[in-house]
Amino acid sequence: MASMSTAPGYGRTSNDPTTRDAGKPASPQAMLRIPCPHCGERDYTEFRYGGDATKVRPAHGSGDLKSWHDHVFLFDNPKGAHREFWQHVQGCRQWLVLERDTATDRVGRSWLAREQSTREAPRG
Amino acid sequence: MISRYSALALLRRAVTGAPWQRAWRAPDPEPSYDVIVIGGGGHGLATAYYLAANHGIRKVAVLERGYLGSGNVGRNTTIVRSNYQIDGNTQFFEHSLKLWEGLSHELNYNVMLSQRGQIVLAHGPSQLDVLARKGNVMRLNGIDAELLERADVARMLPFLDFSPDSRFPIFGGLLQRRAGTVRHDAVAWGYARAADRLGVDIIEQCEVTGFLRKGDRITGVATTRGRISAGRTAISVAGHSSQVAALAGLKLPVESHLLQAFVSEPIKPFLDHVLSFGAELFYISQSDKGGLVFGGHIDGFNTYTQRGQFPKVRTVAECAVALMPSISRLRLLRHWAGIQDMTPDGSPFIGRTPLRNLYLNGGWCYQGFKATPATGWCLAHTIAHETEHPLIRHLSLDRFERNNGFDEYGTGLWTYKQ
């Protein structure tokens, strides 16, 4: 099955200088590439996915089971803009927030989760 | 009226050269129906068929955004089986397998059920114990199950890696002889044709854009082909369950993930069974054309792209070669992806919703195809009687609120770990 890597469409990656453009978000392709604020753009296989970053956890000690249920079990599951956690487990091990379009897998900005509120994008 | 398929009809057309009629009509939507089923996949079409066939409700429309069978009914690995362990699942999937066994006659359409048997492998003594327990649960429920020892597996599947230093030594397996594969496109076409014969309107290229409601009661749908009122409405749209439910203001315990499937170049008859690896989630069978059809885990992050990531191709190919070293030089012919509605416990939802006259069938994770007949059967019953069929009472939408998660595989309550 090693021959699969030569199939059409898999030859060009975002490392290819002809397709790579630092100013533009990476285009959707066979490998999702995530811009890590520390380590630069890396294959998504170096990261652990951490789910929707816009969820707000109920206050600790809150006994309101309905809001805990909604927090744990319900998902917006949008088709389009999504803000999500990833941890760079095979790199700097930092948690980051990534903007990604779930309809195209096009990635946008990323920032360290501990530096910015997960619900607000950094300015500028 | 569309004529029945038979040997005589085949012979008549062979002699006369008369063209075959189209298999279902292409009606314009009427202003009102008793029941609207949103989604023209296997589940939606089966629901419409059983509404008409079992409950006499024939003023039914199936609304499909694209074309029939363009979603997951044509994207799966075609496996049908009923080797489930948790009470509720065991009986539901056995009902489904029994319906599969009679389906070609029921629909007057050959769905090409091939009961070639499915073998789940055990790679350690404790795993064989788990399979023995599962087999006992099945047999107590009247389902066929046979525990295989290493020598049995070696006789049936001589091409597996039985070498003394194999990474995943084979201790045995669990065989369900009645399990097998079905021609998946034929399921959509067969249900569509049979439902159409009973008067169901199948309306393609008709996207639902909103719900009509009076208070907490759903009274119909707005579509790209106009407003249609309905006594009852069912959502059966797999990967887009969250989007359609959101049109009614519902938020679901569902996250949409991507599952890839693969087919190799065709080879001579080689793999006689459906085979499941015990060391990873990996399943493989050989199609009638000779290609090896296989799949594995979801890609691992929510997406609607229907386009797989390359690392999963590699992982699944590694599973294939670890299990069957002799296929290492086969080439992949095609691979594709479907959008799977993953739920926190890996089990689906079938039944009523908080809104009156609105029913939901979704969250099927990996299990949707084999469940097609039983889902249609039980959802039709639920719609017709306004109460859940006994086989699906454990699959209610509010089960997490009642701490009744239904976790067949014991992996915990995570959408992307099922």
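How each quantity is defined
- Residue positions are counted from 1 within each chain, in the order its sequence is given.
- The naming scheme follows written order: chains are lettered A onward, ligands numbered 1 onward.
- This being a predicted model, a pLDDT of at least 70 is required before a residue's local features are given, and a value of 80 or more before pairs of side-chain atoms are given or counted; all residues contribute to the totals for chains, interfaces and linings.
- Helical segments are the DSSP runs of H or I of at least four residues, strand segments are the runs of E of at least two, and each set is numbered from the N terminus.
- To sort residues by exposure, count the other C-beta atoms lying within 10 Å of each residue's C-beta; 20 or more gives buried, 12 or fewer gives exposed, and values between give partly exposed, all with C-beta atoms placed from the backbone.
- Here, residue contact means that the backbone-derived C-beta atoms of the two residues sit within 7 Å.
- DSSP calls a pair of strands paired once it identifies at least 2 bridges connecting them.
- Comment: axis = line fitted to C-alpha atoms, over the contacting stretch for helices; angle = value between 0 and 180 degrees taken between N-to-C directions.
- Note: domain ranges come from an automatic or database domain assignment.
- For a helix, the expected span equals 1.5 Å multiplied by the number of residues minus one.
- pLDDT is a residue-level measure of predictor confidence that goes from 0 to 100.
- Working definition: roughly parallel below 35 degrees, roughly antiparallel above 145 degrees, roughly perpendicular at 65 to 115 degrees, and oblique for all remaining angles.
- Crossing handedness follows the turn of the near helix against the far one: under a right angle anticlockwise gives a left-handed crossing, and clockwise gives a right-handed one.
- Think of it as three bins: nonpolar holds Ala, Val, Leu, Ile, Met, Phe, Trp, Tyr, Cys and Pro, charged holds Asp, Glu, Lys and Arg, and polar takes everything else, Gly as well.

Concerning the overall build of chain B
When helices and strands are tallied, chain B shows nine helices and 18 strands. Within chain B, the proportion of its 418 residues that are buried is 54%. Counting only contacts in chain B whose residues sit at least 6 apart along the sequence, the fraction spanning at least 24 positions is 74%.

Notes on helix 1 (residues 7–16) of chain B
The periodicity of an α-helix, 3.6 residues per turn, causes residues three or four places apart in sequence to face the same way. Taken across its ten residues, helix 1 of chain B has zero buried, putting it largely on the surface. Just downstream of helix 1 of chain B, B:Gly17 is the residue with a positive phi angle, here 75°.

Focus on the sheet that holds strand 6 (residues 107–112) of chain A
By way of backbone hydrogen bonds, the strands of a sheet pair with one another, either parallel or antiparallel. All names here are of chain A. The strand order across the open sheet formed by four strands is 3-4-5-6, and the pairing between neighbours is antiparallel. The sheet is open, and its two edges are formed by strand 3 (48–52) and strand 6, each paired on a single side. Here the average twist between neighbouring strands, direction ignored, is 30°. In this structure, strand 3 lies alongside strand 4 (residues 81–87), joined through three bridges in antiparallel fashion. Considered in strand 4, the bridge of Asp52 is made with Glu84.

Here's the deal with the domain arrangement of chain B
All names here are of chain B. Domain annotation of chain B identifies domain 1 (27–82 + 85–109 + 184–254 + 345–417) and domain 2 (118–179 + 258–340). Taking only C-alpha atoms, the centre of domain 1 and the centre of domain 2 are 28 Å apart. Contact with domain 1, which involves 19 residues of that partner, is made by 23 residues of domain 2. Elements that contribute at least two residues to the side of domain 1 that touches domain 2 include exactly strand 3 (79–80) and helix 3 (89–107).

Details of the pairing of strand 2 (residues 40–43) of chain A
Residues and elements named next belong to chain A. By the bridge criterion, four bridges tie strand 1 (residues 33–36) to strand 2 in an arrangement that is antiparallel. When the sheet's bridge partners are listed, Ile34 is paired in strand 2 with Arg42. Hairpin connection between strand 1 and strand 2: a loop of three residues separates the two successive antiparallel strands.

Focus on the sheet that holds strand 13 (residues 274–276) of chain B
Residues and elements named next belong to chain B. The mixed open sheet is built from eight strands, whose spatial order is 5-6-4-13-14-15-12-16. A strand with exactly one partner marks an edge of an open sheet, and here the two such strands are strand 5 (146–149) and strand 16 (332–342). In this sheet, neighbouring strand axes are inclined to one another by 20° on average, regardless of whether the strands run parallel or antiparallel. Along the sheet face, helix 4 (residues 125–140) touches strand 4 (118–122), strand 5 and strand 6 (172–176) and points at about 20° away from the line of strand 6. Across the sheet, helix 8 (residues 310–323) is in contact with strand 12 (255–264), strand 14 (283–286), strand 15 (292–298) and strand 16; its angle to strand 15 comes to roughly 120°.

Examining helix 9 (residues 372–385) of chain B
Residue and element names in this part refer to chain B. Here helix 9 contains 14 residues, and its C-alpha end-to-end distance of 20 Å stays within 8% of the 20 Å for a straight helix at 1.5 Å per residue. Counting buried positions over the 14 residues of helix 9 gives twelve, a clear majority of the element. Within helix 9, burial applies to Thr372, Pro373, Ala374, Thr375, Gly376, Trp377, Cys378, Leu379, Ala380, His381, Thr382 and Ile383. Glu386 sits one or two positions beyond helix 9 and adopts a positive phi of about 55°.

Structural notes on the pairing of strand 18 (residues 358–362) of chain B
Residues and elements named next belong to chain B. Of all five residues in strand 18, five are buried, a share of seventy percent or more. Examined bridge by bridge, strand 11 (residues 226–235) and strand 18 share three bridges and lie parallel to one another. Along strand 18, the bridge assignment pairs Ala234 with Tyr359. Inspection of the sheet shows strand 17 (residues 349–352) paired to strand 18 by four bridges, in the antiparallel sense. Among the inter-strand pairings, Ile350 is bridged to a residue of strand 18, identified as Asn361. What sits between strand 17 and strand 18 in their antiparallel hairpin is a turn of five residues, with Asn357 showing a positive phi close to 70°.

Let's talk about the confidence of the model for chain A
Mean pLDDT over chain A stands at 79; residues scoring 70 or higher make up 70%. Of the regions scoring below 50 in pLDDT, residues 1–27 of chain A engages in 30 contacts with residues more than four places distant in sequence or in other chains.

Quick look at the packing of helix 2 (residues 42–55) of chain B against helix 6 (residues 184–197) of chain B
Geometrically, a packed helix pair is captured by the angle between its two axes and the distance between the axes. Residues and elements named next belong to chain B. Running from N to C, helix 2 and helix 6 point in directions that differ by 30°, and their axes come no closer than 9 Å. When the axes of helix 2 and helix 6 are compared, the pair comes out roughly parallel. Helix 2 and helix 6 meet at a crossing whose hand is left-handed. Contacts between helix 2 and helix 6 involve Gly42, Leu45, Ala46, Ala48, Tyr49 and Ala52 from the first element and Val187, Ala188, Tyr191, Ala192, Ala194 and Ala195 from the second.

Describing the environment of B:Gln306
Note on placement: B:Gln306 falls in the loop between strand 15 and helix 8. Counting along the chain gives 302 residues from B:Gln306 to B:Arg4, while the straight-line C-alpha distance between them is 36 Å.

Some remarks on the packing of helix 2 of chain B against helix 9 of chain B
Residues and elements named next belong to chain B. One can describe the packing of helix 2 onto helix 9 by two numbers: an axis separation of 7 Å at closest approach and a directional angle of 55°. By the angle class used here, helix 2 and helix 9 are oblique. Crossing handedness for the pair helix 2 and helix 9: right-handed. Between helix 2 and helix 9, the residues in contact are Gly42, His43, Ala46, Thr47, Tyr49, Tyr50, Leu51, Asn54 and His55 and Thr372, Pro373, Thr375, Gly376, Trp377, Leu379, Ala380, Ile383 and Ala384, respectively. Each residue belonging to the contact of helix 2 with helix 9 can be placed in one class, and the counts come to ten nonpolar, eight polar and no charged.

Quick notes on unusual backbone geometry
Residues and elements named next belong to chain B. The residue Gln205 is not glycine, and still its phi comes out positive at about 55°. Structurally, Gln205 is set in the loop between strand 8 (201–203) and strand 9 (208–214). A residue is classified by how many C-beta atoms lie within 10 Å of it, and Gln205, with 12 of them, is exposed. At Asn357, a residue that is not glycine, the phi angle is positive and equals roughly 70°. With respect to the helices, strands and loops of the structure, Asn357 is situated in the loop between strand 17 and strand 18. Here Asn357 falls in the buried class, since 21 other C-beta atoms lie within 10 Å of it.

Focus: the environment of B:Phe262
Residue and element names in this part refer to chain B. For Phe262, the location among the structural elements is in strand 12. Residue Phe262 is classed as buried on the basis of its 25 C-beta neighbours within 10 Å. Once the C-alpha coordinates of Phe262 and Met156 are considered, the two residues, 106 residues apart in sequence, prove to be 24 Å apart. Non-local contacts of Phe262, meaning those with residues more than four positions away in its chain, are made with Phe294, Gly295, Val316, Leu332 and His335.

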